Amino acid sequence: MPDSMTRSGTTSPHTTVVVLATTPACGLTCDAGTLLDRLGDQLATLPVREVHMVTPSGGLGADLRGVAKIARTTNGAVAVLPGDLVVHTEALALLLEHPAHDTGALVCRATAAAPLRPPVRVEGAKVVAAGSSFHLVPEANATFRGVLQASESDLGVLADIAEELAELADTGRLGPVTPVEAVDLLLVGLVRSGVAVRAAALGPLHADRVTGQISADAALGKLAEVDEAKVKIETAVKHDDGFFATYFVSTWTRHLIRPAALLKLTPNTVTGVSVGLALLSAVWFSAGTPATRLAGAVLLYLSFALDCLDGQLARYTRTFSPLGAWADGMADRLKEYVVYVGLAAGYAGPRVWYLAVAAMILQIVRHAVDYTYAGAVADTARVGALWGRPARSLLESEDARRARGVLGLAQRLERDTVARWLKKIIVLPIGERTALIAVTAACWNAKVTFLSLLCWGGVAALYQLSGRIARSAR
């Protein structure tokens, strides 16, 4: 039955944790006492409102009904995790400290499935298929590591799934399963009910469920081999960013993340300074001399570096929000177009204004294509969830994925490092545009800058448009 313990003095009232203390491994010893004691100490350092301990009381069905009861009576997100878990605190924070408090699961990429490590398939940072001892996952590419969180909007679905599983367990239709698999089955149910489950990837961190003292000691030894503070910095830096941002900016801005956090700078503050540097860059560009164009190029580069740093700081401090993301995107557009105006104003010739306006219109069209496509995908998924996508049975086996033609080829190219970087460069993201503007303005003039933006941007627009059409056709 669940026993609750309130965590006072935390910064967020949104997350409730359910610990399934239903296996003998919970009582294995460690420096903190038992594994269950250690897990409780870790949760005390995270923004958790309540911790409910579900103790052994009558098998899998009773445990699942305890989860369902908590899900139906709790406001905010609910996280479910087993008491036999040996995990880095930073790994727990990937879900429990995420400001979205969304539905997610802790996964480890490219790891072979094993007992207590059920297979999952991850696509686009979402868990699209999940397995258990009797649920197969074709083309699995990750394993589930026992930590599951349901957002407040998905609590009803979680409760329904838990109650359905409890009924199946009580009637013997689940087969020879034990309480050890409770959280695995809940993930299977959420995925097969059409819930979007974010895949929170462990990266170099560890999370393992254990069955005996030897495996517990080995898991604890793995934790000691990892510097969590260093990992937190590394995970704050985007690993799927553009080529220029990855190799010419993030290589040094990562060293500014911790000092900025210690100075209590907010991501919005860094964004504001970035905008200020871009405005100064436009002023220098407007002077039109070789020296001022060079100064403007340097300031533009620094402005972009701070634009990367604000996102890194947001991920490091987990203070990102939809408002901050919107403000950051608007700031990017403002900075770029102001620089266009500065470059055009500093060029001795009236025709360059036509090129500046054309370059601006091209970027607006490209952004419109991106945002409208993303909105259409979201609307289609939402309509499909409401009308056209029935929930599947919890006992249903997973079908193999179909071949995807051109899109399948594109996904295979992603595995090749050179091809992946070429694809990122071709689309002329903000980092490459910044570099193109800075280099051409410093070395030549505004006319060369705008012609370069129009030529490269035109190729990028055609590439993006063809990709959107192919995905829409699918």
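In this text the structure is predicted, and so the values were computed from the model without any measurement.

K.L.:
Can you help me understand the overall build of the protein in this one?
P.N.:
Each helix and strand in the protein was counted, giving 17 helices and 13 strands. When each of the 474 residues of the protein is scored for burial, the buried share is 47%. For the protein, the proportion of contacts with a sequence separation of at least 24, taken over those separated by at least 6, is 81%. Accessible surface, the protein as shown: approximately 22200 Å² in total, 64% of it carbon and sulfur.

K.L.:
Whenever I open this one, the nonpolar core confuses me. Can you help?
P.N.:
Ranked by size, the top nonpolar core spans 42 residues in total, and within it Val120, Val127, Leu186 and Leu187 carry the most contacts. Val48, Met53, Ala93 and Val226 belong to the second largest nonpolar core, which has 27 residues in total.

K.L.:
Explain the side chain of Arg145 here, please?
P.N.:
Here Arg145 shows up in strand β11 (residues 142–150). A residue is classified by how much of its surface remains accessible, and Arg145, at 5% relative accessible area, is buried. Within polar-contact distance, the side chain of Arg145 engages the side chain of Asp208 at 3.1 Å. Residues contacting Arg145, with those up to four places away along its chain left out, are Leu85, Leu106, Cys108, Thr111, Arg117, Leu202, Ala207 and Asp208.

K.L.:
Where do I start with the layout of surface pockets in this structure?
P.N.:
Think of a ball as big as a water molecule: rolled over the atoms, this probe shows where empty space is left. Taken as a whole, the second largest pocket holds about 170 Å³ of empty space. Together, Pro115, Leu116, Arg117, Asp208, Arg209, Val210, Thr211, Ser215, Ala218, Ala219 and Lys222 line the second largest pocket. Sorting the residues of the lining of the second largest pocket by element identifies β13 (207–209) and α6 (213–224) as the ones contributing at least two each. For the lining of the second largest pocket, the leading source of residues is α6, giving 4 residues. Each residue belonging to the lining of the second largest pocket can be placed in one class, and the counts come to 5 nonpolar, 2 polar and 4 charged.

K.L.:
Could you clarify how one ought to interpret helix α5 (residues 182–192) in this entry?
P.N.:
Each turn of an α-helix holds 3.6 residues, which means side chains three or four residues apart point in the same direction. Counted residue by residue, α5 has 11 buried out of 11 residues, so it is predominantly covered. Every buried residue of α5 is accounted for by Ala182, Val183, Asp184, Leu185, Leu186, Leu187, Val188, Gly189, Leu190, Val191 and Arg192. In the stretch just after α5, Gly194 is the one whose phi turns positive, near 90°.

K.L.:
Explain the pattern of salt bridges here, please?
P.N.:
Where charged atoms from two side chains of opposite charge come close, those side chains can pair. This model, assessed by the stated rule, comprises 16 salt bridges. Ionic pairing is found between Asp332 and Lys335, a salt bridge with its closest N-O pair at 3.7 Å. Residue Asp332 and its partner Lys335 are located together in helix α12 (residues 322–345), separated by 3 residues, close to a single helical turn. With relative accessibility at 8%, the residue Lys335 sits in the buried group. Note that Arg433 is salt-bridged to Glu336, the shortest N-O span being 2.8 Å. One end of the pair, Arg433, is in helix α16 (residues 430–443); the other, Glu336, is in helix α12, and 97 residues separate them in sequence. Taken as a pair, Arg433 and Glu336 share a single burial class, namely buried.

K.L.:
Please clarify how empty space enclosed by the protein should be interpreted in this entry.
P.N.:
For the structure on display, the rule yields 2 cavities of 30 Å³ or more. Within this model, the largest cavity holds a volume of roughly 120 Å³. Ala278, Leu300, Ser303, Phe304, Asp307, Asp332, Lys335, Glu336, Val339, Ile430, Thr434 and Ile437 are the residues that line the largest cavity. Residue composition of the lining of the largest cavity, by class: 6 nonpolar, 2 polar and 4 charged. When its volume is computed, the second largest cavity comes out at roughly 30 Å³. Contributing to the lining of the second largest cavity are Leu20, Thr22, Thr23, Pro82, Pro179, Val180, Ala182, Val183 and Arg209.

K.L.:
What is the right way to look at a nonpolar patch on the surface in this model?
P.N.:
Together, Trp252, Leu256, Leu294, Val298 and Leu302 make up a nonpolar patch on the protein surface, roughly 400 Å² of accessible area in all. Only α9 (250–262) and α11 (290–317) provide two or more residues apiece to the nonpolar patch. Ranked by residue count, the leading element in the nonpolar patch is α11, at 3 residues. Positionally, Leu294 belongs in helix α11.

K.L.:
What is the right way to look at unusual backbone geometry in this model?
P.N.:
The phi dihedral of Ala125 is positive, around 65°, even though this residue is not glycine. Note that Ala125 resides in the loop between β9 (119–123) and β10 (126–130). Phi at Lys264 is positive, roughly 60°, even though this residue is not glycine. Structurally, Lys264 is set in the loop between α9 and α10 (267–287).

K.L.:
I would appreciate a short explanation of the packing of aromatic side chains in the present structure.
P.N.:
Aromatic ring pairs are reported here in terms of the distance separating the ring centres and the angle at which the planes meet. Scanning the entire structure with this criterion turns up 10 aromatic pairs. A cation over an aromatic ring shows up here: Lys232 above the ring of Tyr316, its NZ or CZ 4.8 Å from the ring centre. Between Arg420 and the ring centre of Trp421, over which it is positioned, the NZ or CZ distance is 5.2 Å.

K.L.:
Explain the side chain of Thr292 to me, please; I cannot follow it from the model alone.
P.N.:
Along the chain, Thr292 turns up in helix α11. At 3.3 Å, the side chain of Thr292 forms a polar contact with the backbone oxygen of Trp284. Polar side-chain contacts of Thr292 include one of 2.8 Å to the side chain of Thr289. In this view, Thr292 contacts Trp284, Phe285 and Ala287; residues no more than four positions away in its chain are not counted.

K.L.:
Help me out: how do you make sense of the pairing of β10 in this one?
P.N.:
In summary, the side chains of a regular strand alternate between the two faces of the sheet. Across 4 bridges, β9 lies against β10 in antiparallel orientation. Its bridge partner lying in β10, Val120 is registered against Ala130. If you look at the hairpin formed by β9 and β10, you'll find 2 residues sitting between the two strands, and Gly124 has a positive phi there, around 55°.

Basis of the calculations
Residues numbered from 1 in each chain as written. Predicted model: local features only at pLDDT ≥ 70, side-chain atom pairs only at ≥ 80, totals over all residues. Heavy atoms only, no water. Helix = DSSP H or I, 4+ residues; strand = E, 2+ residues; numbered from the N terminus. Buried < 20%, exposed > 50% of the residue type's maximum accessible area, 1.4 Å probe, protein only. Contact = heavy atoms within 4.5 Å. Areas by Shrake-Rupley, 256 points an atom, 1.4 Å probe, with all protein chains shown as cover. Core = buried A, V, L, I, M, F, W, Y, C linked by side-chain atoms within 4.5 Å. Polar contact = N/O pair within 3.5 Å; in protein donor to acceptor, adjacent residues only side chain to side chain. 1 Å grid on protein atoms, 1.4 Å probe; cavity = no way out; pocket = protein on both sides within 12 Å on 5 of 7 lines; lining within 4 Å. Points joined across faces, edges and corners; volume = space filled by probe spheres on them. Nonpolar A, V, L, I, M, F, W, Y, C, P; charged D, E, K, R; others polar. Salt bridge = Lys/Arg side-chain N within 4 Å of Asp/Glu carboxyl O. Patch = residues over 30% accessible without salt bridge, like charges linked within 9 Å, V, L, I, M, F, W, Y side chains within 5 Å. Phe/Tyr/Trp six-rings, centres within 6.5 Å; stacked < 30°, edge-to-face > 60°. Lys NZ or Arg CZ within 6 Å of the ring centre and 35° of its normal. Pairing = 2+ DSSP bridges.

Structural measurements only, silent on function.
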